[in-house]
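Each chain, written out:
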Amino acid sequence: MSESSSDWPTDTIPVVPADAAEPGAAREQAAGRGRVALRPVAEQLAKVLSTIGSIDPIQLALLDAQGLMLAEEVHADAPLPGFDNAAMDGYAVRAVDLRQANETNPVALPVVGDVLAGARSVSGMGPGLAMRIMTGAPIPPGADAVIPLEHTDRGVARVQIHRPVRTGECVRRAGEDLAAGALALAPGATLGPQQIALLAAVGHDRVMVQPRPRVVVISTGSELVDVGKQAGFGEVSDSNSYMLAAAARDAGADAYRVGIIPDDHARLLDVLDSQLLRADLIITSGGVSMGSSDVVKEALSQLGTVEFTNVAMQPGSPQGFGTLGRERTPIFCLPGNPVSSLVSFEVFVRPAIRKLLGKRNVHRQTVQAMALERMDSPVGRRQYRRGLLHRESDGRYSVSLVGGNGSHLVAALAASNCLIVLDEDTTEVVPGSRVTVQPLMLAQR
Ligand code: AMP
Ligand code: MG
């Protein structure tokens, strides 16, 4: 992986989302007990995005490239369409022969052949003659128009034609879509079904694209047990690795879940070391607070390339971010509470994955919605509340809260479809006022 910047800037904020707060606004904000200096969300995000580089393009088969960004110019080697062909089922004719044709005085022409779609060669057609022709079949040399079946008596040996025809009528010209050598698609095009159709039409079965980042997801915590095993007293089912793998895939990545790692330095460093081989980005969850068993923070802060900080946000304040290994693979160390983990993913990891995909706009679209209830928020911290976004019959949005503030509330998280973003300066929202909402709808992979 090539990095866009080797050092984190200290004061410059190169990339800030549209709704980002002024950097520094909450920098000196005290966080209650312990008086920890908080870093503004916008500043942390800027550090993340300036560290994330790009992945080298790879060549993929056409369908595997769906949803990805084209990384090469694709030209049409041959004209598209490749030859003059019929746009309708009918008869190939010369327009000049039908000048006098009308309903009462149809013109009769001898039918001298049949041209089917797929005909590899076509004989020429002399004046005063017609050939039956199918949609997509090559226009016989000498003919200059196609009269659709419905304006004829559909004759086999001789056809009566009831109207004149314009030169070129119902003929698709070679190269009218793309001339030979013309640019079909430029680098940066996202390959949806339409673009894949064009690549196939110009005969490209493989294309260079920005690949899906390979995202490795690791859960840490000695209390965790894998799904499928009944969690006993003191044990917790590992939901984060599933949630984060799903979120990474939803953001466009290929996600790999690695098993649970207990709170053990050596095991953590071992697993990270082996995962560096395949990862373009690593996400861990758990172990980033200040407790004695917060081994992710303890183990990785010693390496000097991963920084642990408290961000002015709620939930998800403790964040670890940096790079690992010779390739400087980005690593995000997210807090363990499921809601904190998902909010952290949305705020920092998703934009990073979108940047690795080469997307121009890495941020989710936000909408303005009317708050249906009162909401409180601590000053100096950007708060992300789980919400339920509705679309009213007049097309406007309204939003209500789901669940409480607890960042362990997975059922409430599952009942939500958006995050309500209450910025650093907001302390209360009264019912009826407008709030910024980040919908968590499924993205286009
Ligand atoms: P930590 O960030 O390690 O202090 O964990 C905070 C809380 O999140 C604890 O209650 C953990 O049990 C819980 N937790 C940590 N990791 C996971 C996980 N992978 N799945 C579900 N809950 C977790
Ligand atoms: Mg833990």
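These lines cover the structure that appears in this document, whether it is placed above or below. (Residues numbered from 1 in each chain as written. Chains lettered and ligands numbered in written order. Predicted model: local features only at pLDDT ≥ 70, side-chain atom pairs only at ≥ 80, totals over all residues. Heavy atoms only, no water.)

### Let's talk about the pairing of strand β8 (residues 145-148)
The criterion, for reference: Relative accessible area decides the class of each residue, using a 1.4 Å probe on protein chains only: under 20% of the type maximum gives buried, over 50% gives exposed, and in between gives partly exposed. We count a stretch as a helix when DSSP gives it H or I for four or more residues in a row; a strand needs E for two or more, and each element gets its number in order from the N terminus. At least two bridges found by DSSP between two strands is the condition for calling them paired.
The alternating pattern of β8 places Ala145 and Ile147 and Val146 and Pro148 on opposite faces, both of which are buried. Both strand β5 (residues 90-93) and β8 contribute to a ladder of four bridges, which runs antiparallel. Directly across from Gly90, in β8, lies its bridge partner Pro148.

### So, the sheet that holds strand β6 (residues 107-115)
Each strand in a sheet pairs with another by means of backbone hydrogen bonds, the pair being arranged parallel or else antiparallel. Basically, it comes down to this: Here an axis means a line fitted to C-alpha atoms, over the contact stretch when the element is a helix, while the angle between two N-to-C directions is reported on a 0 to 180 degree scale.
The sheet built from five strands is open, its strands ordered β8-β5-β7-β6-β9 with mixed pairing. Looking along the sheet, the strands with just one partner apiece sit at the ends: β8 and β9 (158-161). Strand-to-strand twist across the sheet, computed as the mean angle between neighbouring axes with direction ignored, equals 45°.

### Focus on the site of ligand 1
Using the following cut-off: Proximity is defined per residue: if any heavy atom of the residue lies within 4 Å of a molecule or strand, that residue is considered near it. Polar contact criterion, stated in full: a pair of N or O atoms within 3.5 Å, where within protein one must be able to donate a hydrogen and the other to accept it, and residues adjacent in sequence count only if both atoms are side-chain atoms. Computed with the Shrake-Rupley method and a 1.4 Å probe, the accessible areas treat only the protein chains shown as cover for residues. As a working rule, the residues Ala, Val, Leu, Ile, Met, Phe, Trp, Tyr, Cys and Pro are called nonpolar, Asp, Glu, Lys and Arg charged, and the rest polar, with Gly in that last group.
Around ligand 1 sit 16 residues in total, of which Glu223, Asp238, Ser239, Gly287 and Gly336 are the nearest. Within the side chain of Asp238, an N or O atom sits 2.8 Å from a nitrogen atom of ligand 1. Within the backbone of Asn240, an N or O atom sits 3.3 Å from a nitrogen atom of ligand 1. Coverage of ligand 1 by the protein chains reaches 77% of its 490 Å² of free accessible surface. Of all elements in the fold, only β13 (214-220) and β15 (236-237) reach the threshold of two or more residues within the shell around ligand 1. In terms of residue class, the shell around ligand 1 is made up of three nonpolar, ten polar and three charged.

### Digging into the pairing of strand β21 (residues 329-334)
Summarising burial for β21: six of the six residues are buried, a large majority. Because side chains alternate across β21, one face comprises the buried residues Thr329, Ile331 and Cys333, and the other comprises Pro330, Phe332 and Leu334, equally buried. Sheet analysis places strand β20 (residues 318-324) next to β21, joined by five bridges and oriented antiparallel. Across the sheet, the residue bridging to Thr323 is Pro330, located in β21.

### As for the packing of helix α3 (residues 240-250) against helix α6 (residues 338-356)
Relative placement of two packed helices is described by the angle separating their axes and the distance separating the axes. The condition is simple: If an angle is under 35 degrees, it is roughly parallel; if it is over 145, roughly antiparallel; if it lies from 65 to 115, roughly perpendicular; otherwise it is oblique. Left-handed describes a crossing in which the near helix is turned anticlockwise from the far one by less than a right angle; the clockwise case is right-handed. Should any heavy atoms of two residues lie within 4.5 Å, those residues are counted as being in contact.
In contact at an axis separation of 10 Å, α3 and α6 are set at 25° when each is read in the N-to-C sense. Our classification of the angle between α3 and α6 gives roughly parallel. Viewed along their axes, α3 and α6 form a crossing whose handedness is right-handed. Across from Asn240, Met243, Leu244, Ala247, Ala248 and Asp250 in α3, the residues of α6 making contact are Pro338, Ser341, Leu342, Phe345, Arg350 and Ile353. Considered class by class, the residues forming the contact of α3 with α6 number eight nonpolar, two polar and two charged.

### A word on the side chain of Ser317
Topologically, Ser317 is positioned in the loop between β19 (313-314) and β20. Classification of Ser317 by relative accessible area gives buried; the value is 10%. Excluding residues within four positions of it along the chain, Ser317 makes contact with Leu38, Thr309, Asn310, Val311 and Arg381.

### Focus on the pattern of salt bridges
Side-chain pairs of opposite charge can arise where the charged atoms are in close proximity. Our working definition: The term salt bridge refers to a side-chain nitrogen of Lys or Arg lying within 4 Å of a carboxyl oxygen of Asp or Glu.
All chains considered together, the criterion is met by 15 salt bridges. We note a salt bridge from Arg39 to Glu307, for which the minimum N-O separation is 2.9 Å. Here Arg39 is found in the segment before α1 (41-51), whereas its partner Glu307 is found in strand β18 (residues 306-310), with 268 residues between them in sequence. Residue classification places Glu307 among the partly exposed positions, given a relative accessible area of 26%. Linking Glu346 and Arg364 is a salt bridge whose minimum nitrogen-to-oxygen distance equals 2.9 Å. You can see Glu346 sitting in helix α6 and its partner Arg364 sitting in the loop between α6 and β22 (367-371), a full 18 residues away along the chain. In this pair, the class of Glu346 matches that of Arg364, namely buried.

### Quick notes on the packing of aromatic side chains
Note the following rule: Any two rings among Phe, Tyr and Trp, with Trp reduced to its six-membered ring, count as a pair given centres within 6.5 Å; such a pair is stacked if its planes are under 30 degrees apart, edge-to-face if over 60, and tilted if neither. Remark: a charge is flagged as sitting over a ring if the NZ atom of Lys or the CZ atom of Arg is within 6 Å of the ring centre and within 35 degrees of the ring normal.
Counting across every chain of the model gives one aromatic pair. Geometrically, the ring pair formed by Phe321 and Phe332 is tilted, given 4.7 Å between the ring centres and 45° between the ring planes. Remark: Phe332 occurs in strand β21 and Phe321 occurs in strand β20; sequence separation between them is eleven residues. A residue is classified by how much of its surface remains accessible, and Phe321, at 2% relative accessible area, is buried. Residue Phe332 is classed as buried on the basis of its relative accessible area, which comes to 1%. Over the aromatic face of Tyr242 sits the side chain of Arg257, whose NZ or CZ is 3.8 Å from the ring centroid.

### Details of α1
Burial analysis of α1 places eleven of its eleven residues in the buried class, the great majority of the element. If you check which residues of α1 are buried, you get Val41, Ala42, Glu43, Gln44, Leu45, Ala46, Lys47, Val48, Leu49, Ser50 and Thr51. Check the buried side of α1 and you find it contacts β18, β19, β20, β21, α6 and β24 (382-391).

### With respect to the packing of α1 against α6
Orientation of α1 relative to α6, taken along the N-to-C sense of each, is 30°, at an axis distance of 10 Å. One way to sum up the angle between α1 and α6 is to call them roughly parallel. Both α1 and α6 take part in a crossing whose hand is right-handed. On α6, the residues touching Val41, Gln44, Leu45, Val48 and Leu49 of α1 are Val347, Phe348, Pro351, Ala352 and Lys355.

### What about the nonpolar core?
Worth spelling out the cut-off: Throughout, nonpolar core names a set of buried Ala, Val, Leu, Ile, Met, Phe, Trp, Tyr and Cys residues whose side chains join them through atoms within 4.5 Å.
One finds Phe345 and Ile353 to be the most contacted residues of the largest nonpolar core, which totals 56 residues. Examining the composition of this core, we find that ten residues originate from one element, α6, more than from any other.

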